[in-house]
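Now for the letters of each chain:
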Amino acid sequence: MGAIYRGLAVIVAVAVAAVGVFLAFPARPDETGARPVAAPSAGPGSSGPPGAQPTLEPTLEPTAEFTAEPAAEPTAAPSAGASVEPTVEPASAPGDATTPTPRPIPTPGASLAPGYTAMEALYADERVPRLPRKLKRLSLPRASKNVLRDKRAGLILPDLPKPWKSYGPAPFTSRQVLPPPRRGPRGMLVSCPVPIDPQKSDRDTALLAARWTLNHHPEGAVIRWLGSQRTKAGWALLYQVTYGKRSSRAAVVIVDGGMSKPGLVFISVPDTQRSRWRDIPRVIAGVRALR
């Protein structure tokens with residue numbers, strides 16, 4: 001009996017082992033085919049090729065919570081061809097105070113009419129008539145012994161007596177003035193290096209300087225020439241400046257004082273102070289080079 005039981009036990013053990021091997025064999029992966037879990041999903045969320053791994057697809061499936069963000073990202077991230085647009089458009093937007101407006105490149109003589117020389121611009125200015133060929137020569141007194149020295153302009157000019165008095169020179173290099181009248185401008189005598197481009201001729205430089213002095217007369221002022229002559233030091237012009245019903249008498253004197261630019265002396269006295277017109281010839285006679 002013991003032998004029989006032992007034989008049955010062996011048979012049972014072998015049978016159990018065979019069943020275990022049989023059951024275990026189908027569970028091993030098929031080495032020639034894809035695993036069942038690797039088959040592509042047929043669901044609507046699958047957008048990749050058949051070889052794509054379906055295990056990633058559930059993480060890309062959009063939900064109602066995130067639909068807004070993916071829709072906004074394409075507009076926020078420009079393509080490579082349009083990468084400069086976000087920086088260019090704001091800069092070119094009209095009215096953008098942070099964007100400097102390109103300034104046009106000035107042409108030579110931009111302060112004049114385009115294409116004009118200084119003298120052509122002078123002749124085109126209706127406020128300044130052509131200088132007559134013949135003008136009455138000025139009768140000049142002796143030079144005053146009381147003088148001022150303008151080292152920046154390289155000039156010596158008269159220090160006029162009262163009621164003239166020295167005044168803050170800026171923007172000139174020296175200035176004397178008369179007391180202010182009840183109305184209109186007051187008389188002044190100033191000196192400085194010529195504020196215009198010097199010309200080859202002292203006469204032409206004086207003409208341009210006289211035109212420049214209109215900036216220091218009331219608006220609408222026009223010139224009428226009274227005198228033009230060479231002096232020992234340079235060139236002098238005497239003229240009347242009319243503005244409305246009023247006028248001033250004025251003169252400019254150009255002198256080469258050895259500086260980088262010639263020196264200019266300019267005197268103007270309005271008709272409200274006409275008693276001081278007699279000082280104008282005195283100024284013309286007293287201007288000379290400092291050197």
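Residues numbered from 1 in each chain as written. Predicted model: local features only at pLDDT ≥ 70, side-chain atom pairs only at ≥ 80, totals over all residues. Heavy atoms only, no water.

Let's talk about the pattern of salt bridges
Any two side chains of opposite charge can pair, on the condition that their charged atoms come close.
In step 1: Tallying each qualifying case throughout the model produces 7 salt bridges.
In step 2: Here Asp202 and Arg230 are joined by a salt bridge, their closest N and O atoms 4.0 Å apart. Of this pair, Asp202 sits in helix H6 (residues 202-213) while Arg230 sits in strand S6 (residues 222-230); the two residues are 28 residues apart in sequence, bridging distant segments of the chain.
In step 3: With relative accessibility at 48%, the residue Arg230 sits in the partly exposed group.
In step 4: One salt bridge connects Arg246 with Asp271, and the closest N-O pair in it is separated by 3.1 Å. Taken together, the residues span a long stretch of sequence, with Arg246 in strand S8 (residues 246-255) and Asp271 in the loop between strand S9 (263-270) and helix H7 (279-286) at a distance of 25 residues.
In step 5: Salt bridges here are not isolated pairs; linked through shared partners, they connect Asp125, Arg127 and Arg211. (Salt bridge = Lys/Arg side-chain N within 4 Å of Asp/Glu carboxyl O. Helix = DSSP H or I, 4+ residues; strand = E, 2+ residues; numbered from the N terminus. Buried < 20%, exposed > 50% of the residue type's maximum accessible area, 1.4 Å probe, protein only.)

Quick look at the pairing of S8
In step 1: In terms of burial, S8 is a largely internal element, 8 of the 10 residues being buried.
In step 2: Pairing of strand S7 (residues 234-243) with S8, which is carried by 10 bridges, proceeds in the antiparallel orientation. Bridged to Tyr243 within S8 is Arg246.
In step 3: Connecting S7 to the next strand, S8, in antiparallel fashion are 2 residues, including Gly244 with a positive phi near 65°.
In step 4: Note that S8 and S9 share 8 bridges and pair antiparallel. Opposite Ala251, over in S9, you have Ile267 as the bridge partner. (Pairing = 2+ DSSP bridges.)

Structural notes on the sheet that holds strand S10 (residues 288-289)
In step 1: Read from one edge to the other, the open sheet built from 3 strands follows the order S1-S2-S10, with strand pairing classed as antiparallel. At either end of the open sheet lies a strand with only one pairing partner, and these are strand S1 (147-150) and S10.
In step 2: Here strand S2 (residues 155-158) runs beside S10; their pairing, made up of 2 bridges, is antiparallel. Looking across to S10, one finds that Leu155 is bridged to Ala289.

Thoughts on the side chain of Thr231
In step 1: Within the secondary structure, Thr231 is located in the loop between S6 and S7.
In step 2: Apart from residues lying up to four places away in sequence, Thr231 is in contact with Ala236 and Ile284. (Contact = heavy atoms within 4.5 Å.)

Things to note about the side chain of Asp150
In step 1: Among the structural elements, Asp150 can be located in strand S1.
In step 2: No salt bridge is formed by the buried Asp150; the nearest opposite charge belongs to Arg152, separated by 6.0 Å.
In step 3: In terms of polar contacts, Asp150 uses its side chain to reach the backbone amide nitrogen of Ala153, at 3.1 Å.
In step 4: Setting aside its immediate chain neighbours within four residues, Asp150 contacts Leu155, Leu157, Thr173, Ser174, Ser191, Cys192 and Leu290. (Lys, Arg positive; Asp, Glu negative; His and termini not counted. Polar contact = N/O pair within 3.5 Å; in protein donor to acceptor, adjacent residues only side chain to side chain.)

As for the environment of Ala143
In step 1: Tracing the backbone through its elements, the reader meets Ala143 in the loop between helix H5 (118-124) and S1.
In step 2: The partly exposed category is assigned to Ala143, whose relative accessible area is 42%.
In step 3: Once the C-alpha coordinates of Ala143 and Pro158 are considered, the two residues, 15 residues apart in sequence, prove to be 7.8 Å apart.
In step 4: In contact with Ala143, not counting residues within four places along its chain, are Ala285 and Gly286.

So, the confidence of the model for the protein chain
In step 1: Of the residues in the protein chain, 61% have a pLDDT of 70 or more, and the chain-wide mean is 75.
In step 2: Scored below 50 in pLDDT, residues 26-110 makes 16 contacts in the model with residues more than four places away or belonging to other chains. (pLDDT = per-residue confidence, 0-100.)

A short note on the environment of Arg133
In step 1: By the element assignment, Arg133 lies in the loop between H5 and S1.
In step 2: Distance in space between the C-alpha atoms of Arg133 and Ser228 is 9.3 Å, their sequence separation being 95 residues.

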